[in-house]
Structure formats: C-alpha cells, structure tokens
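Structural characterization, general
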Amino acid sequence: MEKFVINGSKRLVGEVEISGAKNAAVAVIPATLLCSGVCRITNVPEISDVNMMIKTLDYLGAKITYINRHTVEIDTSSVRHYSVPYEYTKYLRASYYFIGALLGRFKRAKVAMPGGCNFGGVRPIDQHIKGFEAIGAKVNLGSGGVVDAKADELVGDSVYMDVISVGATMNTMLAATLAKGKTVIENAAKEPHIVDLANFLNMMGADVRGAGTDVIKIYGVSELHGCEYSVIPDQIEAGTYMVAAAATGGDVTIKNVIPKHLESISAKLIETGVTVIEGDDQVRVVSEEKLKCTNIKTMPHPGFPTDMQPQFGALLAICDGTGIITESVWDNRFKYANQLLRMGAQIDVNGKVAVFKGVDHLKGAPLYVDDLRAGAAMVIAGLSAKGETIISNIQYIDRGYEDIVSKLQHLGADICRRDFDDEKNEDIIAG
Ligand code: EPU
C-alpha cells in the first residue's frame, strides 16, 4: 500500500500552479450527456474522481479522447442507456450528477446511490429529488440502493430548496436544461462551480440565468450542441497551498487562480497574521512570524468553505492562543482532530464546534486518512511538524489533489510517496 512520508519543518518557498476545479469538472463531465455534439474540455484536473466520472461515461457508451493530460474530447452521441451500477458510483458523491444528466437526456435515469468521503453522518439527496419532482419526474429509491427517476416529459416549474445544496442546485440545472418552459431554483447554492456549470451549459446552447445568485432561472431549450470549455481553477486546492505556506512559515505564490474565489480564505489567513498579496490570477502568501488563532464558521459560498475547514484546523493547532471552528454545513467534519491529537495538538471537539488551543509545534506521527480534506489537513500538519509523519489511505487525497507530492517537493517540502509492506504497519491501519 502506498503512503506519504513527510519529514516536516521545512519552509515552503516558490510557485505552485493550481489545477482545474474538481467540483466543477465532476459536474461538467456528466453534463456532456445533454448534448449531441463533441465537447472539448480543457483544464481538466488529473485526479481519481475525474477519472471515475470519465470511466462512467465510457461505460455508458460515450467516445472519450484525451488530447493531452488536461484536455479531453467527449462525444456522447452514441450513449443509448441510462443505468449506472454501484461499481461506478460507490467511490464518489458526485456520481449523483448522472441522475440529473441522464434524466435530462433520456427522461429516465437509474443510478446506484452514490458513495463518497466518510465524514460520519448521512449525506441525503432529498433536495435533489425535490428538484427532479418539481419538473415532473417520478423518483423511486428502489431496490438494491438504486435511484430510479423517470418522466413522460419534463416541464419547468419553481422549486425552493429547503437547504442550500451545491449538488441539488446543479442536478436540478442538469435535469431542467432540456425541459419545456422555465425552471426557477430558489435558495440556490452560489459556489464558483455552480457558475462554471451554468457557463458550460450556456456554451452548449442552454439558457441558464442568475447562477451565482440565490435564484437561478433555466429556460428550457430543445437541444444543445458541442463546444470547447475550460474548467475554472480549483478554489480548494489553491486554499490548501495557501494554508500549507502559512503553516510552514513559507512564501508561496499560488498561480492560475481566481483571487475573488479565495477571499474568505485570504481574510482568515490575514487574521492569523499572514500577508496575502493578490495579483490578477495569482496570490502570494507570506508567513514570517508566529501566527495567532482566529475563529471560523463554515457557511455556503460566499462564506468560509467547509472544504477548507480541516486544513485551517491543522493551522490553528500551531497558532498562538485559542481558536474556535464551528462547522455549519456538515453534521460531523472533525474526525481529523483525532489524528492531530496524536501529533500533540490540543483540540476539544463538541458536536459541530471544535476548540483549538495552539501548541508550539506538532510532532510527526503515523496518520490515517478517511476523507479528502481531512487528508489535506494531515499533509499540512505533517509539513509543519517536527519529525516524520507517515500518512496511510492516501487514495482519498488522490481523489482531489493532482500531483500533490511533486507540487510540494517543488516548493521545498520533504515528502514522498512510498510503497509499504502492510504487515509491518498494522498499527497505522488501525488508525
Ligand atoms: N443536504 C440535504 N439534502 C440534500 C442535499 C444536501 O440535507 O438533498 C445537506 C447536506 O447534508 C449538507 C448540506 O445540505 O448538510 C450541504 O450539502 P451539499 O448538497 O451542498 O453538498 P454536496 O453537493 O454533496 C458539495 C461538494 C463537497 C462540499 C459541499 C459543500 C461536490 C462533488 N462536493 O457536496 O465537497 O463539501 O458541496 O460545499 O461538489 C470535497 O470536495 O471534499 C467535498 C466534500
């Protein structure tokens, strides 16, 4: 089994190039099912979640041609069936986008309930179903854990989302693009990837208005055409390198970003004492003094993103003073704290609130990952810690971070990916 081995306490210095956004790419790829032409998608991140979405399209019968590492041409005109089995959905949450896209195209979708990161707690899809039903679909959570959605025709209507949901907003957009008439999504999510999906759909000839606000209107069109589209840079990957720079007392320029998407992350870093210098498509993070704790509450965009919460946890663990993180998007996203405690952190978790009492430094330890952003937090903790950190179960990190080892090595980190003989490391697996 492969693990990351980190020898910490090395200052990160230099430049790092950010890849395309995972959470945009995993929606744009299934969205190609809605059009009858060829889509050329550029700035596609090379990560396992994207590979799985591409494999699923391939399974459905799409023609996939990689032009280079980050550019893929997708032709879904030969797709003739609407069923996605569990072996394709069990690894990632985003496979739920096949429900909206297949329903939009075939008026029928049978997709096994998605898997994904293990935050603890449930990850419901009731709001997705509310969106599909609002435009005329009948949805059955049938036998074998399959979501079976069908409609004679899809007809636009209004739907008010009871919770702000990225997935439900995007899935309703996918299903409504080829529906008759106007669909209105109220209390829509506003994340950058919502806007990216709307831009992509519009490039294919859809008429989606208001993405980025909490009311999105989709005027149904009869067909879509192929197009060329570049995925936005990954807000969370960029934020992760920003925090890694801060935690190691570094000086890192993060390139190919949209600084506007990073505002809440920059604001919190500045509160800890870091300098953040914004350019047109880059940010430079300079961390020179001992940082101080701050308080964070996660919120839907434009609030502070939940997907940056664990990385900030790794940072607050070594800041001066006491900081409180309140997680208000997911029920339980502090499982990573147990791993940081083993490195000497002082964290008290009580439900959705964690209190961090900063320590002078963390100490390297064997760590175990069971969710993507928790894994990013452990990498940051390992980079800042004194001594050796060995991180297992790193396939979760590979889901969302392209070339993380070489990008960090390029910044001066002592990190490598190494094959281990598992029998000698049972204590780590028990994590
Ligand atoms: N929710 C419901 N019902 C629903 C859908 C969501 O109650 O039908 C609740 C959830 O339980 C949660 C809240 O609404 O409490 C927000 O969930 P949302 O639907 O927005 O999350 P998601 O679409 O499943 C995406 C990202 C996550 C990110 C969240 C929040 C993708 C593929 N995943 O998940 O990203 O945490 O939005 O921003 O876009 C990650 O990248 O590591 C990751 C987990």
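**Remarks on the overall build of the chain**
Helix and strand content of the chain: 15 helices and 24 strands. The C-alpha radius of gyration computed for the chain amounts to 21 Å, which stays within 12% of the reference 22 Å derived for 431 residues, consistent with globular compactness. When the backbone C-alpha atoms are referred to their principal axes, the chain occupies close to 65 × 45 × 40 Å. Taking all 431 residues of the chain together, the buried fraction comes to 56%. In the chain, the proportion of contacts linking residues at least 24 apart, taken out of those at least 6 apart, comes to 73%. Accessible area for the chain stands at about 16400 Å²; split by element, carbon and sulfur atoms hold 48% of it. If the 44 positive side-chain charges of the chain are averaged to one point and the 52 negative ones to another, these points end up 3 Å apart.

**A closer look at unusual backbone geometry**
In most cases, non-glycine residues show a negative phi, while peptide bonds are predominantly trans. Following His301, the chain continues into Pro302 via a peptide bond in cis, with omega recorded as 15 degrees. Take Pro302: it is sitting in the loop between β18 (296-297) and α10 (309-316). One non-glycine residue with positive phi stands out, namely Asn393, at about 65 degrees. Of note, Asn393 is situated in the loop between β23 (388-392) and α13 (395-398). Under the relative-accessibility criterion, Asn393 is labelled buried at 7%.

**Points about the pattern of salt bridges**
Two side chains of opposite charge can pair, provided their charged atoms sit close to one another. Within this structure, the stated rule accounts for 21 salt bridges. Here Arg69 makes a salt bridge to Asp403, at a shortest N to O gap of 2.8 Å. Placement of the pair is Arg69 in the loop between β4 (63-68) and β5 (71-75) and Asp403 in the loop between α13 and α14 (404-410), with a sequence separation of 334 residues. Take Asp403: its relative accessible area is 33%, and that puts it in the partly exposed class. Here Glu271 and Lys268 are joined by a salt bridge, their closest N and O atoms 2.9 Å apart. Separated by 3 residues within a single helix, Glu271 and Lys268 lie in helix α9 (residues 263-272), roughly one turn from each other. Exposure remark for Glu271: the relative accessible area of 37% places this residue in the partly exposed category. For Lys268, a relative accessible area of 17% translates into the label buried. The network of salt bridges with common partners includes Glu46, Arg69, Glu402 and Asp403.

**Side note on the site of the ligand**
Residues in contact with the ligand amount to 24 residues; listed here are only the nearest, Tyr96, Ser165, Val166, Asp307 and Val329. One of the side-chain N or O atoms of Tyr96 is found 2.7 Å from an oxygen atom in the ligand. Interatomic distance of 2.8 Å between a side-chain N/O atom of Arg373 and an oxygen atom of the ligand. Considering the ligand on its own, with 820 Å² of exposed area, one finds that the protein chains cover 90% of that surface. Of all the cavities here, the one that holds the ligand is the largest pocket.

**Some points on empty space enclosed by the protein**
What the rule picks out here adds up to 4 cavities of 30 Å³ or more. Computed from the structure, the largest cavity encloses a volume of approximately 70 Å³. Surrounding the largest cavity, Ala21, Lys22, Asn23, His193, Ile232, Pro233, Asp234, Gln235, Ile236, Asp307 and Arg373 form its lining. Of all the secondary-structure elements, those providing two or more residues to the lining of the largest cavity are α1 (22-31) and α8 (235-247). Each residue belonging to the lining of the largest cavity can be placed in one class, and the counts come to 4 nonpolar, 3 polar and 4 charged.

**Things to note about the sheet that holds strand β9 (residues 146-150)**
Two orientations exist for strands paired in a sheet by backbone hydrogen bonds: parallel and antiparallel. Taken together, 4 strands build an open sheet; the order of strands is β6-β7-β9-β8 and the sheet is mixed. Single-partner strands in this sheet number two, and they are β6 (83-84) and β8 (138-141). In terms of strand pairing, β8 meets β9 through 4 bridges, oriented antiparallel. Note on β9: the bridge partner recorded for Leu141 is Val147. Along the sheet face, helix α4 (residues 97-106) touches β6, β7 (108-112) and β9 and points at about 160 degrees away from the line of β7.

**Let's talk about the nonpolar core**
Counting residues in each nonpolar core, the largest one holds 76 residues, and the members touching the most others are Ile41, Phe98, Met173, Leu197, Phe200 and Leu201. By residue number, the principal contributor to this core is α1, which donates 7 residues. Once you skip the residues sitting within four places of it in the chain, Phe98 turns out to touch Pro30, Leu33, Met53, Thr56, Leu57, Leu60, Val84, Leu103, Ala109 and Val111. Residues Ala246, Ala365, Leu372 and Leu383 belong to the second largest nonpolar core, which totals 72 residues.

**Describing the packing of aromatic side chains**
This model, assessed by the stated rule, comprises 6 aromatic pairs. Consider the rings of Tyr59 and Tyr88, whose centres lie 4.7 Å apart with planes at 35 degrees: the pair is tilted. Here Tyr59, found in helix α2 (residues 48-60), pairs with Tyr88, found in helix α3 (residues 86-89); they are 29 residues apart in sequence, far enough to count as distant. An angle of 85 degrees between the planes, with centres 5.1 Å apart, marks the rings of Phe304 and Phe312 as edge-to-face. Across the pair, Phe312 and Phe304 agree in class, each one buried. Here the basic side chain of Arg209 rests over the ring of Tyr219, its NZ or CZ set 4.3 Å away from the ring centre.

**Examining the environment of Tyr229**
The residue Tyr229 is located in strand β14 (residues 228-230) in this model. The class for Tyr229 is buried, based on a relative accessible area of 9%. Spatially, the C-alpha atom of Tyr229 lies 6.1 Å from that of Thr42, the residues being 187 residues apart in sequence. Apart from the residues within four sequence positions on either side, Tyr229 is in contact with Arg40, Ile41, Thr42, Asp196, Asn199, Phe200 and Met203.

Calculation rules
Residue positions within a chain follow its written sequence, with the count starting from 1. It should be noted that, the model being predicted, local features are given only for residues of pLDDT at least 70 and side-chain atom pairs only at 80 or more, the latter also being counted only at that level, while totals for whole chains, interfaces and linings use all residues. Only hydrogens and water are set aside; all other atoms, that is, all heavy atoms of the structure, feed into the side-chain values. Elements are defined by DSSP. Helices are runs of H or I of four residues or more, strands are runs of E of two residues or more, and each kind is numbered from the N terminus. As a reference, a globule follows 2.2 Å times the number of residues to the power 0.38, and the radius of gyration itself is taken over C-alpha atoms. Summary of the burial criterion: residues with accessible area below 20% of their type's maximum are buried, those above 50% are exposed, and those between are partly exposed, where the area comes from a 1.4 Å probe applied to protein chains only. The contact criterion used is simple: two residues touch if any of their non-hydrogen atoms lie within 4.5 Å. Here the accessible surface of atoms and residues is derived via Shrake-Rupley with a 1.4 Å probe, and residues count as covered only by protein chains that are part of the display. Two residue types count as positive, namely Lys and Arg, and two as negative, namely Asp and Glu; His and chain ends fall outside the count. Just so you know, the charge point we use is NZ for Lys, CZ for Arg, CG for Asp and CD for Glu. Whenever a carboxyl oxygen of Asp or Glu lies within 4 Å of a side-chain nitrogen of Lys or Arg, that contact is scored as a salt bridge. Consider each residue's heavy atoms; a residue with any of them within 4 Å of a molecule or strand counts as near. Within 3.5 Å is the distance limit for a polar contact, defined as a pair of N or O atoms, with the added protein rule that one can donate a hydrogen and the other accept it, and that residues adjacent in sequence qualify only through two side-chain atoms. With a 1 Å grid laid over protein atoms only, a set of points is called a cavity when a 1.4 Å probe fits there but cannot get out and a pocket when it is open yet has protein on both sides within 12 Å along at least five of seven lines; lining residues have an atom within 4 Å of a point. More than half of a molecule's atoms lying within 2 Å of a cavity's or pocket's grid points is what places that molecule inside it. Grid points are joined across faces, edges and corners, and a volume is the space filled by probe spheres set on the points. Three classes are used: nonpolar for Ala, Val, Leu, Ile, Met, Phe, Trp, Tyr, Cys and Pro, charged for Asp, Glu, Lys and Arg, and polar for all others, with Gly counted as polar. DSSP-based pairing: two strands are paired if at least 2 bridges between them are found. With axes taken as lines fitted to C-alpha atoms, and helix axes fitted only over the stretch in contact, angles between N-to-C directions fall between 0 and 180 degrees. Among buried residues, the Ala, Val, Leu, Ile, Met, Phe, Trp, Tyr and Cys ones that are joined through side-chain atoms within 4.5 Å form a nonpolar core. Any pair of Phe, Tyr and Trp rings, taking the six-membered ring for Trp, is counted once the centres come within 6.5 Å. Such a pair is stacked with planes under 30 degrees apart, edge-to-face with planes over 60 apart, and tilted for the rest. To sit over a ring, a charge needs its Lys NZ or Arg CZ within 6 Å of the ring centre and within 35 degrees of the ring normal.

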